[in-house]
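# Close look at the chain arrangement
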Amino acid sequence: NPTIFNYSNQNQRSDLLRNALTNEGNGYAENAKILRFMTNNDIYYFITHHGIDRTKMVSALMFTLNGIPLIYNGLEIGKSGHPYSTEFIFYPGLPLSYDDPNRFFPYFQYLIKMRKNYSALWSDNYEEITVSPSANVFGFRRWFEDQNLFTVLNMGAQSANVTVNLPVDELNLDTSVTYYLSDLITGEIISGTPSELEQFTTNMN
């Protein structure tokens, strides 16, 4: 199950993801709706070869990208193995979340709620932002009117101090006001004036 996210040369992962998200730089047809998925019935469940944390990271990626995120049967409880290796995935008469040791079900509920609550995620607006180290860290901006949402992924094998450059000149911010960046996954808050937030560093697992 080789994918971008476990590619042997981690220093090429950002380039591979960029190509995947932009159709090799060619873009997509006007008004195209892109289907985003990480597994289907013919391959092993993503978590089998990528682990829990990476699977949750790519799930968040799917739900923050433009396009339509798809959840293949079993992903919502972090199922591993091959889809054809068992007679059934969910236990008859029991809730879907019955066999969910790594709490994927509430995680997906949260991602769905987040996507519904932020109009920036409904739009087709997408723009890559500058991050460092750029070989295996990737970031992009989604926006609608005055709402801006940024996604930053550490696709490397180790935690990293990641420098994020925000396009503050495009955000229509008041230079004298303190703004707050809220991490929707960890709850971390980073505050500052636009000039202070134009470039900041944070540790990412």
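Residues numbered from 1 in each chain as written. Predicted model: local features only at pLDDT ≥ 70, side-chain atom pairs only at ≥ 80, totals over all residues. Heavy atoms only, no water.

## Observations regarding the overall build of the protein
This is how the line gets drawn: Runs of E in the DSSP output that reach at least two residues are strands. Runs of H or I that reach at least four are helices, and both are numbered from the N terminus. Throughout, radius of gyration means the C-alpha value; the globule benchmark is 2.2 Å times the number of residues raised to the power 0.38. The buried label applies to any residue whose accessible area, calculated with a 1.4 Å probe on protein chains only, is under 20% of its type's maximum; exposed applies above 50%, and partly exposed to all values in between. Two residues qualify as a contact provided that any one of their heavy atoms is within 4.5 Å of a heavy atom in the partner residue. Only the protein chains shown count as cover for residues, and the accessible areas themselves come from Shrake-Rupley with a 1.4 Å probe. Asp and Glu count as negative and Lys and Arg as positive, but His and the ends of the chain are not part of the count. A charged residue contributes its charge at one atom only: NZ of Lys, CZ of Arg, CG of Asp or CD of Glu.
Of regular secondary structure, the protein possesses four helices and nine strands. For the protein, the α and β elements follow one another from N to C terminus as α-β-α-β-α-β-β-β-β-β-β-α-β. The C-alpha radius of gyration of the protein comes to 18 Å, within 12% of the 17 Å expected for a compact globule of 205 residues. Along the longest, intermediate and shortest principal axes, the C-alpha atoms of the protein span 60 × 40 × 35 Å. Considering the protein as a whole, with its 205 residues, one finds that 39% of them fall into the buried category. Residue pairs in contact within the protein that sit at least 24 positions apart in sequence constitute 59% of those at least 6 positions apart. Looking at the protein as shown, the accessible area adds up to about 11,700 Å², and 48% of this sits on carbon and sulfur atoms. Here the protein contributes 13 positive and 21 negative side-chain charges, whose respective centroids are spaced 7 Å apart.

## A short note on the nonpolar core
Note the cut-off: Among buried residues, the Ala, Val, Leu, Ile, Met, Phe, Trp, Tyr and Cys ones that are joined through side-chain atoms within 4.5 Å form a nonpolar core.
Membership of the largest hydrophobic core comes to 31 residues, with the highest contact counts inside it found for Phe5, Leu17, Leu61, Leu111 and Met155. If you list the elements that add at least two residues to this core, you get helix 1 (13–21), helix 2 (46–64), helix 3 (104–117), strand 4 (137–144) and strand 5 (147–154). At eight residues, helix 2 tops the list of elements feeding residues into this core. Ignoring anything within four residues of it in the chain, the contact list for Leu111 reads Ser59, Ala60, Phe63 and Ile185. Listed in part, the twelve residues of the second largest apolar core include Val131, Val164, Leu166 and Met204.

## Focus on the pairing of strand 6 (residues 160–165)
In plain terms, the rule: Each pair of strands is called paired provided DSSP finds at least two bridges between the two strands.
Relative to strand 6, strand 3 (residues 127–132) runs antiparallel, the two sharing three bridges. The residue of strand 6 that forms the bridge with Thr130 is Asn165. Two elements, strand 6 and strand 9 (residues 199–204), share six bridges in a ladder whose sense is antiparallel. Each bridged residue has a counterpart across the sheet, and for Val162 the counterpart in strand 9 is Thr202.

## Topic: the confidence of the model for the protein
Where the model shows low pLDDT, its predicted coordinates should not be examined in detail. Put simply, the rule is: Known as pLDDT, the predictor's per-residue confidence is scaled from 0 to 100.
Per-residue pLDDT for the protein has a mean of 94; in total, 100% of the residues score no lower than 70. For the protein, strand 7 (residues 179–182) is the element with the lowest average pLDDT, namely 92, and strand 4 is the one with the highest, namely 98.

## Considering the pattern of salt bridges
As a reminder of what qualifies: Within this document, salt bridges are pairs made up of a side-chain nitrogen of Lys or Arg and a carboxyl oxygen of Asp or Glu, the two lying within 4 Å of each other.
The final tally for this structure, using the stated rule, is five salt bridges. Arg18 is the partner of Asp15 in a salt bridge, and the nearest nitrogen-oxygen pair spans 2.6 Å. One end of the pair is Asp15 and the other is Arg18, both in helix 1 and three residues apart, which spans about a single turn. When its relative accessible area of 43% is taken as the criterion, Asp15 is described as partly exposed. A salt bridge links Glu128 to Arg18; the shortest N-O distance between them is 2.7 Å. Placement of the pair is Glu128 in strand 3 and Arg18 in helix 1, with a sequence separation of 110 residues. Through salt bridges with shared partners, a single ionic network connects Asp15, Arg18 and Glu128.

## Structural notes on the packing of aromatic side chains
The cut-off we apply is this: In this scheme Phe, Tyr and Trp rings, the latter by its six-membered ring, pair at centre separations within 6.5 Å, and the angle between planes marks the pair as stacked below 30 degrees, edge-to-face above 60, and tilted otherwise. A ring is considered to have a charge above it if a Lys NZ or an Arg CZ atom is located within 6 Å of its centre and within 35 degrees of its normal.
As enumerated under the stated definition, the model contains nine aromatic pairs in all. Consider the rings of Phe5 and Phe46, whose centres lie 6.2 Å apart with planes at 70°: the pair is edge-to-face. Here the residue Phe5 occupies a position in the segment before helix 1, and Phe46 occupies one in helix 2, the gap between them amounting to 41 residues. Judged by its relative accessible area of 8%, Phe5 is buried. Here Lys56 stacks its cationic end above the ring of Phe104, 5.0 Å away from the centre of that ring. The ring of Tyr107 has Lys56 sitting right over it, with the charged end atom 5.4 Å from the ring centre.

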